[in-house]
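# Structure assessment
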Amino acid sequence: RSVNIVAFGNERDGSSEDNQQSSLIWSYLRRSALISETESSVLLNSAHHVRNPALTEYQARVFGNVRLVVHDCPLWDIFDSDWYTSRSLIGGADIIVIKYSVNDKTSFQQLKDSYVPMIKKALNHCSIPVIISAIGARKNEVPCTCPLCTSDRRSCVTTSEGIQLAKELGATYLELHTLNDFYIQKYFGGVLEYFMIQSLNQKSSDKMKKRKKTQKCHRVKPPQLEQPEKMPILRGEASHYDSDLHNLLFCCQCVDVVFYSEDLKKVVEAHKIILCAVSHVFMLLFNVKSPADIHDSAIIRTAQSLFAVNNEAVFPALSSGSSCDPPGRVVVKDSVFCSCLSDILHFIYSGAFHWERLEEDIKKKLKDPEKIEHVLEKVKCILKTPGKLNNFKDCRSHQIKQLCNTSLRLFFNTPVLADVIFKIQGATVPAHRAVLVARCEVMAAMFNGNYLEANNILVPVYGVSKDTFLSFLEYLYTDSCCPASILQAMSLLICAEMYQVTRLQHICELYIITQLQSMPSRELASTRLSIVSLLRKAKFHNSDCLSTWLLHFIATNYLIFSQKPEFQDLSVDERNFVEMHRWPSDVYLKQLADYRNYIHSQKCYCTVM
């Protein structure tokens, strides 16, 4: 074992004539009780400093059998003349000592400006302890007391300057007023020997780690458990809620209101449920709400000034008779507004949030700025929320969307404007054909084809529960669903497959997958939920993505499911798939058993026992 110390700098005062003074390192080696067998040799000589060698090497024994190698370099010129040697010295050092005389400020300033950056660069990736030793007693001198004088006329290096240098290098700062036994042995020697012990401990620790690493390489390694196969990723289907309702305006199915001009020419057909979902003006017009419910005179005036309902063709109340009642007729009193009504309805059916597009369409149709402003103001009045100011100046899409806070959710499972009633499990559920036709192709064919449901208000529903069917209708009205459990999500998936609503199927699949993935292994082992039963239902109802994922899920959790009775219900093909993709694999389990046997055989047993 050895400790390498590198010392830089000259502790002698440059102006002093006492050049025979012993150096700090040599004084320590001669006086320390821990040092024995000291030897010295001059490695390099300087032509300009015959008495001061450029590099002196000392070798000694410390702590009995530890080899101590010290390189003392009193001249900083080595950094300029032989950078490679100085860098290799720093790289091989365990401890670095920097010395300077407190009475030689010129040399200190040169050290600080020129050589400290080099040392910092060499120590950039090393954690070598550094000791800065300020040597000598400062000579008495009086500094300039002039408040306007900014120059430092003192030739001594102050304590604060030394401490600042130590902070810059992350070093330990020592002041040695004289090189006597106290400062050499107890002060400087105590700090130096502390870092020697730290260095030896670090080397012993590194050596032990290296030995353990070498021994570990020769041991039998445990088998590596590979990650399970990645399960298939299910990607959700984008919502087409707005486009479904917008397309309803083009298909003209389930129309229950027709708008006419003042000369009784047909302008456009529409659906009361869509108009009322967006505007309180239409709620008032179609008797969904009364003036007493609105409490807003502006909305009432807008409804009375723009529209007039033909009382002879008002849509009758729901009855058990035919649903083929004539649509209601509404006369548009404002001719300018009537000319833009088709564009306004497109805006409303699109969800009432494409305001910029509506402005462009009206400007193309009406060239008069006053008429354009008039129509836009009427639209803003139609979209007005009761009891709130009509702040639609500089209106933009996101502002309109926030103000139109009514929606189809208000009409879900309510008899208001309902034109069909589903009978399920002895209960009745009111609904609106326009919404069902727009959102579900199967119901569009059912209500517009040669089926009994096309002409009947009362429609029976079989094969699903009332709660599941209500969740299905809620999705059609709101484009969202929140199943309460995995079983309910599976029931809703079956209902969605029955009516061919693929996006709802994907939502239910993702819900089931998310819930199973978040289930801890302990809960998965104890749950009464049958994953194999879910697999059977997914396959029967053509949910290929979910059935494939469930097979991977069973294979990934093989050790849990192989212990359950339901595992025997898997078909031959399913069992083969699970065995092929099981995790952990048979090979790993065999390797693990062999490793455990090896570890067991390596144990030492007490010979007495």
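Here's what I pulled together on the structure shown here. (Residues numbered from 1 in each chain as written. Predicted model: local features only at pLDDT ≥ 70, side-chain atom pairs only at ≥ 80, totals over all residues. Heavy atoms only, no water.)

## A look at the overall build of the chain
Let me state the cut-off plainly: Secondary structure follows DSSP: runs of H or I at least 4 residues long count as helices, runs of E at least 2 residues long count as strands, and numbering of each begins at the N terminus. A simple rule labels every residue: compare its accessible area, found with a 1.4 Å probe on the protein chains alone, to the largest value its type can have, and call it buried under 20%, exposed over 50%, or partly exposed in between. We call two residues contacting when some pair of their heavy atoms lies within 4.5 Å. Note on areas: these come from Shrake-Rupley sampling with a 1.4 Å probe, and a residue is covered only by the protein chains present in the view.
A count of helical and extended segments in the chain gives 27 helices and 14 strands. Looking at the chain as a whole, 45% of its 609 residues are labelled buried. Taking as baseline every contact in the chain between residues at least 6 positions apart, the subset at least 24 positions apart corresponds to 67%. Roughly 33,400 Å² of accessible area belongs to the chain as shown, and the carbon and sulfur atoms make up 51% of that amount.

## Examining the sheet that holds strand β8 (residues 257-260)
In a beta sheet, neighbouring strands pair by backbone hydrogen bonds and run either parallel or antiparallel. So the rule is basically this: Paired strands, as defined in this entry, are two strands with at least two bridges between them according to DSSP. Here an axis means a line fitted to C-alpha atoms, over the contact stretch when the element is a helix, while the angle between two N-to-C directions is reported on a 0 to 180 degree scale.
Strand order in the open sheet made by the four strands is β9-β8-β11-β10, with mixed pairing throughout. A single partner strand is all that each edge strand has here, and the edge strands are β9 (266-270) and β10 (307-309). Taken over all neighbouring pairs, the strand axes of this sheet differ in orientation by 25° on average, direction set aside. Here helix α11 (residues 297-306) sits on the sheet and contacts β10 and β11 (328-332); the angle it forms with β10, its principal contact strand, is near 70°. Each of β8, β9 and β11 is contacted by helix α13 (residues 341-349), which is oriented at about 10° to β9, the strand it contacts most.

## Concerning helix α5 (residues 159-169)
The cut-off we apply is this: Relevant arc is that of directions from the helix axis to the C-beta atoms, nothing else.
Every buried residue of α5 is accounted for by G162, L165, A166 and L169. Looking straight down α5, one finds that the buried residues subtend no more than 100° of arc, so they occupy a single side. Across α5 from its buried face, at more than 90 degrees, point the exposed residues S160 and K167. Summarising the contacts, the buried residues of α5 are in contact with β5 (95-101), α4 (105-122), β6 (130-135) and β7 (172-176).

## Focus on the packing of helix α21 (residues 502-517) against helix α24 (residues 544-556)
Formally: Note that the term roughly parallel is reserved for angles under 35 degrees, roughly antiparallel for angles over 145, roughly perpendicular for angles of 65 to 115, and oblique for everything else. As a working rule, the residues Ala, Val, Leu, Ile, Met, Phe, Trp, Tyr, Cys and Pro are called nonpolar, Asp, Glu, Lys and Arg charged, and the rest polar, with Gly in that last group.
The interhelical angle for the contact between α21 and α24, taken along N-to-C directions, is 10°, at an axis separation of 10 Å. Between α21 and α24, the angle falls in the class roughly parallel. The residues of α24 that touch α21, namely those facing E509, I512, I513, L516 and Q517, are C545, L546, W549, L550 and F553. Its residues placed into classes, the contact of α21 with α24 shows eight nonpolar, one polar and one charged.

## Things to note about the nonpolar core
Here is the rule we go by: The nonpolar core is taken to be a set of buried Ala, Val, Leu, Ile, Met, Phe, Trp, Tyr and Cys residues, with the residues joined through side-chain atoms within 4.5 Å.
By size, the foremost hydrophobic cluster in this structure holds 115 residues, and its most contacted members are F259, F422, F469 and F472. Element by element, the count of residues in this core is highest for helix α20 (residues 486-498), at eight residues. With sequence-adjacent residues up to four places away left out, F422 is seen in contact with A427, T428, V429, A431, L436, M443, F447, V459, V461, F469 and L473. Of all hydrophobic cores here, the second largest spans 31 residues; its members include V6, C73, L89 and L111.

## Description of the pairing of strand β1 (residues 2-8)
In terms of residue burial, β1 counts as a mostly covered element, since five of its seven residues are buried. The pairing of β1 with strand β4 (residues 66-73) spans seven bridges and is classified as parallel. For V6, the partnering residue across the bridge sits in β4 and is H71. As paired elements, β1 and β5 share four bridges and run parallel to each other. Bridge pairing in β5 links I5 to I95.

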